[in-house]
Amino acid sequence: MPPSPFGRVLTAMVTPMVPGGAVDEGGLEALVEHLLATGHDGLVVNGTTGEASTLTDEESIATVARVSRAAAGRARVVAGVGSNDTAHAVHMATEAARAGAEGLLLVSPYYNKPTQPGLVAHCRAVADATDLPVMLYDIPGRTGIAFAHETLLALAEHPRVLAVKDAKGDLWAATRAMAATDLLWFSGEDALNLPLLALGATGVVSVVGHVAGAHYRAMVEAVDRGDLVSARRLHAGLVPVVEALMTTSQGAIMAKAALVELGVLEHATVRLPLVESPPEHLALLRTALATLPTPKDS
């Protein structure tokens, strides 16, 4: 597997908050330490699971700076800088670079649904704004626009567009793009981590990694050495946790609840329009966490 400037096992970090909604700075540092202790070599801040859409610009950049200081060279810090306003995305990219980010996560513009040429122009403008490597984020279920195959081919020619976080759920489209380009591929959908790794993905950008980072590290290593039996065993052992975090309600909500259950965070506070987990969801989560095997036993 070629070297990755982003790392290989990344989690799209939640943004810890105290009751009332302020960012929990101590919680951020505790979360970084937890993730670094559980197999991660990359951290994504200000992504979907980080509730980036309800953070102010000042909060977003302060979060990048704090996570960068806490990681202290022990993991690559990748900052989400997406916006449906290209000028705003460029601004966030330059500010994230100043704050210590080592890579950028760039989601396709949402709501205004540009054409594919507009999508190419948007991504090139952001990639031109800094010297940092860029990971495109393809999640049409949230943005309303997917990266077309020809768009990926065009963007792969840019010297700083190096990777894709794939949350599209189309394994054949991923196969075609990996075969046609040198783009590093990252699974952005935990249910498809193993299939995408088996097809040649470099790594994962996970939500379930908040509680199963060591399992995903073991899965990546198993696929690397061709041990699909062990990789499938890990994949199957994570089914209850993936379902509890990703299908019960919403990833950010359930990941924060899980981190409270594990004692990593004090609060599961989310910002409206998200609301915290009801008791029945927490009961399902606790049951799932209780089934989580150690990676070596998976």
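Residues numbered from 1 in each chain as written. Predicted model: local features only at pLDDT ≥ 70, side-chain atom pairs only at ≥ 80, totals over all residues. Heavy atoms only, no water.

## Comments concerning the sheet that holds strand β5 (residues 134–138)
Read around the closed barrel, the eight strands follow the order β1-β2-β3-β4-β5-β6-β7-β8; overall the barrel is parallel. Pairwise comparison of adjacent strand axes, ignoring direction, gives a mean angle of 25° for this sheet. One ladder, built from four bridges, connects strand β4 (residues 103–107) with β5; its direction is parallel. Across the sheet, the residue bridging to Leu 106 is Leu 136, located in β5. (Pairing = 2+ DSSP bridges. Helix = DSSP H or I, 4+ residues; strand = E, 2+ residues; numbered from the N terminus. Axes fitted to C-alpha atoms, helices over the stretch in contact; angles between N-to-C directions.)

## Here we look at the UniProt feature "active site" (unreviewed entry) in the protein chain
Under the UniProt annotation, "active site" (unreviewed entry) lies at Tyr 137 and Lys 165. Across 29 residues in sequence, these annotated residues keep their C-alpha atoms within 4.7 Å of one another, forming a single compact spot. The residue Tyr 137 is located in strand β5 in this model. When residues no more than four places from it in sequence are discounted, the contact partners of Tyr 137 are Thr 48, Leu 105, Leu 106, Val 107, Ser 108, Phe 147, Lys 165 and Ala 167. Summarising the element assignment, Lys 165 is placed in strand β6 (residues 161–166). (UniProt positions renumbered as here; feature names shortened; annotations may be inferred. Contact = heavy atoms within 4.5 Å.)

## A few points about the environment of Gly 213
When you line up the elements, Gly 213 lands in helix α9 (residues 209–224). For the pair Gly 213 and His 34, spaced 179 residues apart in sequence, the C-alpha to C-alpha distance is 9.5 Å. Apart from residues lying up to four places away in sequence, Gly 213 is in contact with Val 9, Thr 38 and His 40.

## A short note on the packing of helix α4 (residues 116–127) against helix α6 (residues 149–156)
Two elements in contact, α4 and α6, have axes whose closest approach is 10 Å; the angle formed by their N-to-C orientations is 25°. One element, α4, and the other, α6, form an angle in the roughly parallel class. Note on packing geometry: the crossing formed by α4 with α6 is right-handed. Along its contact with α4, which presents Gln 116, Leu 119, Val 120, Cys 123 and Arg 124, the element α6 presents Thr 151, Ala 154 and Leu 155. Here the residues of the contact of α4 with α6 are counted per class, giving five nonpolar, two polar and one charged. (Parallel < 35°, antiparallel > 145°, perpendicular 65-115°, else oblique. Left-handed = near helix turned anticlockwise from the far one by under 90°. Nonpolar A, V, L, I, M, F, W, Y, C, P; charged D, E, K, R; others polar.)

## Here we look at the side chain of Gln 250
Structurally, the position occupied by Gln 250 is in the loop between α11 (239–246) and α12 (251–261). At a separation of 2.8 Å, a polar atom in the side chain of Gln 250 contacts the main-chain amide nitrogen of Ala 252. Excluding residues that lie within four positions of it along the chain, Gln 250 makes contacts with Arg 142, Leu 245 and Leu 274. (Polar contact = N/O pair within 3.5 Å; in protein donor to acceptor, adjacent residues only side chain to side chain.)

## Observations concerning the packing of helix α1 (residues 25–36) against helix α2 (residues 57–71)
Contact geometry of α1 with α2 gives a least axis separation of 9 Å together with a crossing angle of 45°. Here α1 lies oblique to α2, going by the angle between them. In the packing of α1 onto α2, the handedness of the crossing is right-handed. Of α2, the residues touching α1 (which contributes Glu 25, Leu 28, Glu 29, Val 32, Glu 33 and Leu 36) are Thr 63, Arg 66, Val 67, Ala 70 and Ala 71. Counted by class, the contact of α1 with α2 contains six nonpolar, one polar and four charged residues.

## With respect to helix α3 (residues 86–99)
With 14 residues, α3 should cover 20 Å at 1.5 Å per step; its first-to-last C-alpha distance of 20 Å lies within 8% of that length. Considered for burial, the residues of α3 that qualify are Ala 89, Met 92, Ala 93, Ala 96 and Ala 99. Buried residues of α3 fall within an arc of 130° about the axis and therefore sit on the same side. Seen from the open side of α3, the exposed residues pointing more than 90 degrees away from its buried face are Ala 87 and Arg 98. Buried residues in α3 make contact with α2, β3 (76–80), β4 and α4. If you check the start of α3, you find a side-chain oxygen 3.1 Å away from the backbone N of Ala 87, and it comes from Asp 85. Just downstream of α3 lies Gly 100, where phi reads positive at about 115°. (Expected span 1.5 Å × (residues − 1). Buried < 20%, exposed > 50% of the residue type's maximum accessible area, 1.4 Å probe, protein only. Arc of directions from axis to C-beta.)

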